[in-house]
Amino acid sequence: MNKFFYPKLAITSMRKNKTMYFPYLIASALCIAIYYIMDSVRLMVIASGMEGRENVYHMLAQFNIVSGIVSLVILFYVNSFVIKRRKREFGLYAILGMEKRHISLMLCWEVLLLSLLSFAAGIACGILFSQLMFLLLLQILHIPAELTFILPVDSIGKTVVWFVIGFIILLIFDIISIWRTNAIQLLYSAKAGEREPKARWALALMGFLALGGGYYLALTAQTKADAITIFFPAVLLVAVGTYLLFISGSIVFLKLLKKNQRFYYKPSNFITVSGMLYRMKQNAVGLASICLLSTAVLVTLSSCLSLFCGGEDSIRLQFPREAMISCYLEEEEKQEQDADRFVTALEKQSEQYDVPMLNAVGLTTVNHSSHYQNGEFSTSGGGDSKTVYVSCYAQEDYNKIASTPLSLQPGQMTILSPSRERFPEEISINGTSYRTQTITDPEITEPGTDICFIFPTVDDLWELTNCIAAEFNDYRLVTYQYFFDVPEDVPHIEQFMESLWSNWNSEEDGAFCYSRTKSYEQNRFYQIYGSLFFIGIFFVTVFLTATVLIIYYKQVTEGYDDHDRFQIMQKVGLSDREVKRAIQKQILTVFFLPLVTAVIHVFAALPILSKILMSLGLLDPFVFILCTLATISVFAVFYFIVYQLTAKTYYRIVKAKE
């Protein structure tokens, strides 16, 4: 036999099955490119010497592991579609005299050719776009950079090794599946249908309860800590509920439609319902996967986008001036003396380092956790109250930094609500009643706090402090915050702030707490959330790739399965228009069900996601809502485009002549 027989046969088979193999090639090349780009960008970050490179490096490294695993899952999923369709061809080869070892050898050549083409295209695209992606990362991080060509050879080797292992695993799986079936099974495996599934009410009920339980956890999370704790259990319940409802609940629903004779016995409805019911178990798994992947795309992109867009507001509210230094105040009687001693020492240090402090302002604040329920705040808690983290200021301090000063009378107070939550006009704090007004666009807030209380006088502030001290055995968290600006041309401001930490943190009379600058926090913000946003872009790319591939192969395989049935329908008198209408109804029903369900999942998750994002620094939940709506709109347009393309492919296959 000619030594080039099997390579030629492999090339011919791949060419004849280009509908299956071309998207497979694009998907594998894209996965390889993404993996290479992320790994090369990770190495470029270290080589650049940029500030905070260790944090960015580790975040990119962790994502690269996840993307590599997800890429192999995508390839495995696509490969299963391709092999199922090819088994009929393999069975024909077997009947014509080819042994299974010959078919396996042909498969080896196919995988070899596919992997070589994928590596060539993927790594070439990776090399072409890796530097561009690195520049994009630097732009997101607000770091100036110039375009310089870098080729990390280590990334090429790592990418090749990882995906060679993946292709070998796929080849082993394909060969095992061939050897475990005989020629007749191979010939008819692609045609093998499933019996009409039974309506499993118990599984449908379990799916409904699991989905309801996940929604309940998401909607009833009271605090940010609760949201973080129950997020993954809620995700697991929703995932299980989605699969069970698509697998069993959809069948129950179709059975009910089938019993409705007025609906069922119409040509288009009959074809749609019977076709979906006949293979619903197989379809349902794919539909549930599409739904969960779509949900992951929407949640990932909207969360990363909202964190990146809303983080600047958090920094602005934390820093009325460029720099902030704070110290503890231990006793009410020594408050002014401690604050004066603190400011005197600070001014002395600034003269020593020649760093002028402009527009300086000092604020006394009390930070504590409180329990809120029905207009009542209490440090002791109890009942079904939710925990909120509160910062308290006196009116005279708040007016130092507010553009609109307050004028509070005894018995009045103001609540600053960064989350835009409104509170009753009269509330109680540890049994003391206050008439309140809520400001939803505050000019200051403490990091990690939910709301701020503005009291009429400093005495009110210390009264609350003493109450907290009595409740928690003299434990107090009262700080004096000193904000100031520095001229732009002053060098080494960060060294000055570090000297304050090192010099005062060890002094007994300094009672030093911490120091920060707005520029440092902005750099830190872009390092963390800019990296998350950059990673989110790649996460979305991977999820979209998986979603589109599942949709495409699902439509292609269904098109081949429906081809003979629609040919029979036409022969018994069904018009071409009726065939097309039935196809459109089936595709619309099957195609947009995952999208609608994914949007419902996202809206149900809004409360718990907003609390998690608030714990990460997003103060305004409306930013998250706007980003979510924008993401859903863009994704829906993208989804509709994919629908149009796959609907044409499906109809072309169904209408193809024998």
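Cut-offs and rules
Residues numbered from 1 in each chain as written. Predicted model: local features only at pLDDT ≥ 70, side-chain atom pairs only at ≥ 80, totals over all residues. Heavy atoms only, no water. Helix = DSSP H or I, 4+ residues; strand = E, 2+ residues; numbered from the N terminus. Contact = heavy atoms within 4.5 Å. Areas by Shrake-Rupley, 256 points an atom, 1.4 Å probe, with all protein chains shown as cover. Core = buried A, V, L, I, M, F, W, Y, C linked by side-chain atoms within 4.5 Å. Buried < 20%, exposed > 50% of the residue type's maximum accessible area, 1.4 Å probe, protein only. Axes fitted to C-alpha atoms, helices over the stretch in contact; angles between N-to-C directions. Parallel < 35°, antiparallel > 145°, perpendicular 65-115°, else oblique. Left-handed = near helix turned anticlockwise from the far one by under 90°. Nonpolar A, V, L, I, M, F, W, Y, C, P; charged D, E, K, R; others polar. Pairing = 2+ DSSP bridges. Salt bridge = Lys/Arg side-chain N within 4 Å of Asp/Glu carboxyl O. Patch = residues over 30% accessible without salt bridge, like charges linked within 9 Å, V, L, I, M, F, W, Y side chains within 5 Å. Polar contact = N/O pair within 3.5 Å; in protein donor to acceptor, adjacent residues only side chain to side chain. Phe/Tyr/Trp six-rings, centres within 6.5 Å; stacked < 30°, edge-to-face > 60°.

S.K.: Could you clarify how one ought to interpret the overall build of the chain in this entry?
M.R.: Looking only at helices and strands, one finds 18 helices and 10 strands in the chain. Within the chain, counting contacts between residues at least 6 apart in sequence, those at least 24 apart form 82% of the total. Looking at the chain as shown, the accessible area adds up to about 31700 Å², and 61% of this sits on carbon and sulfur atoms.

S.K.: What am I meant to see in the nonpolar core here?
M.R.: The nonpolar side chains of a soluble globular protein tend to be buried with one another. Counting 125 residues, the largest nonpolar core has Tyr24, Val41, Leu60, Phe167, Phe534, Tyr553 and Ile608 as the members making the most contacts within it. Ranked by residue count, the leading element in this core is helix α16 (residues 518–571), at 18 residues. Beyond its immediate stretch of four places on either side in the chain, Val41 contacts Leu60, Ser130, Met133, Phe134, Leu137 and Phe534. Core analysis: the next-biggest nonpolar cluster, separate from the first, contains 22 residues, Ala394, Ile429, Phe453 and Val458 among them.

S.K.: Can you help me understand the packing of helix α1 (residues 5–16) against helix α4 (residues 100–140) in this one?
M.R.: To characterise two packed helices, one gives the angle between the axes of the helices and the distance between these axes. It is the contact of α1 with α4, at a shortest axis distance of 8 Å, that shows an interaxial angle of 65 degrees. Here α1 lies roughly perpendicular to α4, going by the angle between them. Relative to α4, α1 is oriented so that their crossing is right-handed. The residues of α4 that touch α1, namely those facing Tyr6, Pro7, Leu9, Ala10, Ile11, Ser13 and Met14, are His102, Leu105, Met106, Trp109, Glu110, Leu113 and Leu114. Looking at the contact of α1 with α4 residue by residue, the classes come out as 11 nonpolar, 2 polar and 1 charged.

S.K.: Explain the pairing of strand β8 (residues 451–455) here, please?
M.R.: Side-chain direction in a regular strand flips from residue to residue, so the side chains alternate between the two faces of the sheet. Judged by how many residues are buried, β8 sits mostly within the fold: 5 of 5 residues are covered. With burial as the criterion, each face of β8 is covered, one bearing Ile451, Phe453 and Phe455 and the other bearing Cys452 and Ile454. Where strand β4 (residues 386–394) and β8 come together, 5 bridges link them in parallel fashion. In the strand pairing of β8, Tyr393 is matched with Ile454.

S.K.: What is the right way to read the pairing of strand β7 (residues 432–439) from this model?
M.R.: Sheet topology note: the strand β5 (residues 412–416)/β7 ladder contains 5 bridges and is parallel. Residue pairing in the sheet places Leu416 in a bridge with Ile439 of β7. Pairing of strand β6 (residues 426–429) with β7, which is carried by 4 bridges, proceeds in the antiparallel orientation. Across the sheet, the residue bridging to Ser428 is Ser433, located in β7.

S.K.: Can you help me understand the environment of Ile176 in this one?
M.R.: For Ile176, the position within the fold is in helix α5 (residues 153–179). Residue class for Ile176 comes out partly exposed when judged on its relative accessible area of 43%. Spatially, the C-alpha atom of Ile176 lies 9.2 Å from that of Ser104, the residues being 72 residues apart in sequence.

S.K.: Explanation requested: the pattern of salt bridges in the structure shown.
M.R.: Enumeration over the complete set of coordinates arrives at 3 salt bridges. Asp39 is paired through a salt bridge with Lys158; the nearest N and O atoms lie 3.1 Å apart. Of this pair, Asp39 sits in helix α2 (residues 18–48) while Lys158 sits in helix α5, and the two are 119 residues apart along the sequence. Judged by its relative accessible area of 1%, Asp39 falls in the buried class. Salt-bridge contacts for Lys400 lead to Asp397; the nearest nitrogen and oxygen are separated by 3.2 Å. Here Lys400 and its partner Asp397 are both found in helix α13 (residues 395–401), 3 residues apart, which amounts to about one turn of the helix. For Asp397, a relative accessible area of 5% puts it in the buried group.

S.K.: Please clarify how a nonpolar patch on the surface should be interpreted in this entry.
M.R.: Together, Phe603, Phe622, Ile625, Leu626 and Leu629 line one region of the surface with nonpolar side chains, adding up to about 460 Å² of accessible area. For the nonpolar patch, the leading source of residues is helix α18 (residues 621–655), giving 4 residues. Among the structural elements, Leu629 can be located in helix α18. Classification of Leu629 as partly exposed rests on a relative accessible area of 39%.

S.K.: Please clarify how the side chain of Ser71 should be interpreted in this entry.
M.R.: Within the fold, Ser71 resides in helix α3 (residues 53–95). Those residues in contact with Ser71 that lie beyond four places of it in its chain are Cys31 and Phe163.

S.K.: Sorry if this is basic, but what is going on with the side chain of Ser428 here?
M.R.: Tracing the backbone shows Ser428 in strand β6. Residue classification places Ser428 among the buried positions, given a relative accessible area of 16%.

S.K.: I tried to follow the environment of Ser633 on my own but got confused; where do I start?
M.R.: The residue Ser633 is located in helix α18 in this model. Ser633 sits in the partly exposed class, given a relative accessible area of 44%. For Ser633, the side chain forms a polar contact with the main-chain oxygen of Leu629, separated by 2.9 Å.

S.K.: Could you clarify how one ought to interpret unusual backbone geometry in this entry?
M.R.: Peptide bonds are mostly trans, and most non-glycine residues show a negative phi. The backbone of Asn359 sits at a positive phi, close to 50 degrees, despite the residue not being glycine. For Asn359, the location among the structural elements is in strand β2 (residues 358–373).

S.K.: Just checking my understanding: could you explain the packing of aromatic side chains for this structure?
M.R.: Aromatic ring pairs: the centre-centre distance and the angle between the two ring planes describe each pair. This model, assessed by the stated rule, comprises 17 aromatic pairs. With centroids separated by 4.8 Å and ring planes inclined at 55 degrees, the aromatic side chains of Phe76 and Phe173 adopt a geometry described as tilted. Here Phe76, found in helix α3, pairs with Phe173, found in helix α5; they are 97 residues apart in sequence, far enough to count as distant. Relative to Phe638, the ring of Phe635 has its centre 6.4 Å away and its plane inclined at 35 degrees; by these criteria the two rings are tilted. Pair noted here: Phe635 and Phe638 are both in helix α18, with a separation of 3 residues, about one helical turn. You can call Phe638 partly exposed: its relative accessible area is 33%. An aromatic cluster is built from Tyr372, Phe377, Phe423, Tyr434, Phe453 and Phe455, whose rings are joined through pairwise contacts.

Keep in mind these values describe shape, not function.
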